[in-house]
Amino acid sequence: TFIFTGVLAQSVWQSAALGLISLVADRENDFSQEIFVSPASRYAIVVGKILGESLVALPQAVALVAVGLLLGVPMSPLTLLALLPIVLAMAIFGGAFGLLVLSTISTQRAASQVFAFVMLPQFFLAGVFNPVHGLPLYLGILSAITPLRYAVDLIRNAYYAIQPVGPQPPMDPPGLDLAVIGVAFVAFLAVGTTLFVRSERNR
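Just so we're clear, the structure is a prediction, and the values are computed from it rather than from any experiment.

A. Spatial organisation of the overall build of the chain. Looking only at helices and strands, one finds nine helices and zero strands in the chain. Listing the helices and strands of the chain from first to last along the sequence gives α-α-α-α-α-α-α-α-α. For the chain, the C-alpha radius of gyration of 18 Å lies close to 17 Å, the compact-globule estimate for 203 residues. Dimensions of the chain, computed from C-alpha atoms along their principal axes, come out at roughly 55 × 40 × 30 Å. The 203 residues of the chain split such that 45% are buried. In the chain, the share of contacts with a sequence separation of at least 24, taken over all contacts with a separation of at least 6, comes to 78%. Within the structure as shown, the chain displays about 9,800 Å² of accessible surface, and the carbon and sulfur contribution to it stands at 72%. With 9 positive and 9 negative side-chain charges, the chain shows a spacing of 5 Å between the two charge centroids.

B. The arrangement of the packing of aromatic side chains in detail. Considering all chains together, one arrives at six aromatic pairs under this definition. Considering the side-chain rings of Phe97 and Phe188, the 5.7 Å spacing of their centres and the 65 degrees angle between planes classify their relative orientation as edge-to-face. Taken as a pair, Phe97 in helix α5 (residues 77-102) and Phe188 in helix α9 (residues 174-201) lie far apart in primary sequence, 91 residues in all. Given the relative accessible area of 12%, Phe188 is considered buried. Feature note: the residues Trp13, Phe93, Phe97 and Phe188 constitute an aromatic cluster, connected by ring pairs. Between the NZ or CZ atom of Arg156 and the centre of the ring of Phe2, over which it lies, the distance is 3.7 Å.

C. Fine view of the pattern of salt bridges. According to the stated counting rule, one finds one salt bridge in the structure shown. With a closest N to O distance of 3.0 Å, Arg149 and Asp172 form a salt bridge. Here Arg149, found in helix α8 (residues 147-162), pairs with Asp172, found in the loop between α8 and α9; they are 23 residues apart in sequence, far enough to count as distant. No difference in accessibility class separates Arg149 from Asp172, as the two residues are buried.

D. Structural detail: the packing of α5 against α8. Axis separation between α5 and α8 bottoms out at 10 Å; the angle between their running directions is 175 degrees. In terms of their interaxial angle, α5 and α8 are classed as roughly antiparallel. Every residue of α8 that contacts α5 at Leu78, Thr79, Ala82, Leu83, Ile86, Val87, Met90, Phe93 and Phe97 is listed here: Pro147, Ala151, Leu154, Ile155, Ala158, Tyr159 and Ile162. Of the residues in the contact of α5 with α8, the class split is 15 nonpolar, one polar and no charged.

E. Main features of the nonpolar core. Ranked by internal contacts, the top residues of the largest apolar core, which has 54 residues, are Val87, Leu102, Leu148 and Ile155. Of all the secondary-structure elements, those providing two or more residues to this core are α1 (2-19), α2 (21-28), α4 (42-70), α5, α6 (108-125), α8 and α9. If one sorts the elements of this core by residue count, α5 sits on top with 11 residues.

Rules of the game
- Residues numbered from 1 in each chain as written.
- Predicted model: local features only at pLDDT ≥ 70, side-chain atom pairs only at ≥ 80, totals over all residues.
- Heavy atoms only, no water.
- Helix = DSSP H or I, 4+ residues; strand = E, 2+ residues; numbered from the N terminus.
- Rg over C-alpha atoms; globule rule 2.2 N^0.38 Å.
- Buried < 20%, exposed > 50% of the residue type's maximum accessible area, 1.4 Å probe, protein only.
- Contact = heavy atoms within 4.5 Å.
- Areas by Shrake-Rupley, 256 points an atom, 1.4 Å probe, with all protein chains shown as cover.
- Lys, Arg positive; Asp, Glu negative; His and termini not counted.
- Charge placed at Lys NZ, Arg CZ, Asp CG, Glu CD.
- Phe/Tyr/Trp six-rings, centres within 6.5 Å; stacked < 30°, edge-to-face > 60°.
- Lys NZ or Arg CZ within 6 Å of the ring centre and 35° of its normal.
- Salt bridge = Lys/Arg side-chain N within 4 Å of Asp/Glu carboxyl O.
- Axes fitted to C-alpha atoms, helices over the stretch in contact; angles between N-to-C directions.
- Parallel < 35°, antiparallel > 145°, perpendicular 65-115°, else oblique.
- Nonpolar A, V, L, I, M, F, W, Y, C, P; charged D, E, K, R; others polar.
- Core = buried A, V, L, I, M, F, W, Y, C linked by side-chain atoms within 4.5 Å.

Here is the structure:
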């Protein structure tokens, strides 16, 4: 159950973030320049892209839930209904992170290499497979600045609050998760959009 909730959060978050590589593809074929000269707000364009990639990540979440049920992870209909909007919100959060990472990258090859470097450490620092409370100080600091940690922790908080499954693992307060995610989302969206548009103008 602990690993399932972590993998669910990590999968939708990563899928939405990686989906933003399509922005780099648009940049390579100069389609992005045509989009950003339109009368629409650049934030509306980027948010639309993030929402689209977040919706694409949802079928992956459905498949993971099906696998979890087959493995015997307890999930009531109420739990599934409660997790749906949270999973979608975490996918949107992941998309905003992907925008920030890709904002100054010009090729899909470079984007794939950067994502591998950025994503892999987060799997362990965010508590996807292992608890992150009680880590040594230097790992605790790295874990605290890992965006994925708060997505994993919020989904885990929601799951354990609704589904009675015995002892709960140590988790951050959900209010802290929401506060960090809200601030980080706004920062990722604002900085990522600004950098992306600026790099398009400088081409």
